[in-house]
Amino acid sequence: MTKHRTLIKDMEEELYDAAKRVADLAYCPYSNFPVGAAVLTEDGKIFAAPNIENVSYSVTICAERNAAAQAIALGNRSIVAVVLYTRTPTPSTPCGTCRQFL
């Protein structure tokens, strides 16, 4: 576990920057709430993705699920950190569906 803490600390700024950068790519015409997420894998790789909305809310893809799915699709099975970026004054947390997914 100490190895993961060190990795997270070393990559914290890069994770935040990646999440912030992809928030600009969000497709959110219904909520106007762009979200960027970055996940860090055990081997130090970062996967970042935005939220992608759909008029049918249940088909919307949250940023954190989008980023985690990319990591998993490329063979990374161990996610050690997740960073969410929103343009709100207080931090946002993953929704219940994303918590289950992660």
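Residues numbered from 1 in each chain as written. Predicted model: local features only at pLDDT ≥ 70, side-chain atom pairs only at ≥ 80, totals over all residues. Heavy atoms only, no water.

With respect to the overall build of the protein
When its secondary structure is counted, the protein shows three helices and three strands. Overall size of the protein, expressed as C-alpha extent along the three principal axes, is 40 × 30 × 20 Å. Per-residue burial over the protein gives 37% buried out of 102 residues. Here the contacts in the protein between residues at least 6 apart in sequence split such that 61% fall between residues at least 24 apart. A total accessible area of about 6,400 Å² is found for the protein, and carbon and sulfur atoms account for 54% of it. Seen as two clouds, the 10 positive and the 10 negative side-chain charges of the protein have centres 4 Å apart. (Helix = DSSP H or I, 4+ residues; strand = E, 2+ residues; numbered from the N terminus. Buried < 20%, exposed > 50% of the residue type's maximum accessible area, 1.4 Å probe, protein only. Contact = heavy atoms within 4.5 Å. Areas by Shrake-Rupley, 256 points an atom, 1.4 Å probe, with all protein chains shown as cover. Lys, Arg positive; Asp, Glu negative; His and termini not counted. Charge placed at Lys NZ, Arg CZ, Asp CG, Glu CD.)

Concerning the side chain of Asn76
Take Asn76: it is sitting in the loop between helix H2 (63-73) and strand S3 (79-86). Taking the relative accessible area as the measure of exposure, Asn76 reaches 7% and is therefore buried. Ignoring anything within four residues of it in the chain, the contact list for Asn76 reads Thr41, Asp43, Lys45, Phe47 and Ala71.

Let's talk about the pairing of strand S2 (residues 46-50)
The pairing of strand S1 (residues 35-41) with S2 spans five bridges and is antiparallel. Directly across from Gly36, in S2, lies its bridge partner Pro50. Between S1 and S2, which follow one another and run antiparallel, lie four residues, and Gly44 among them has a positive phi close to 85°. (Pairing = 2+ DSSP bridges.)

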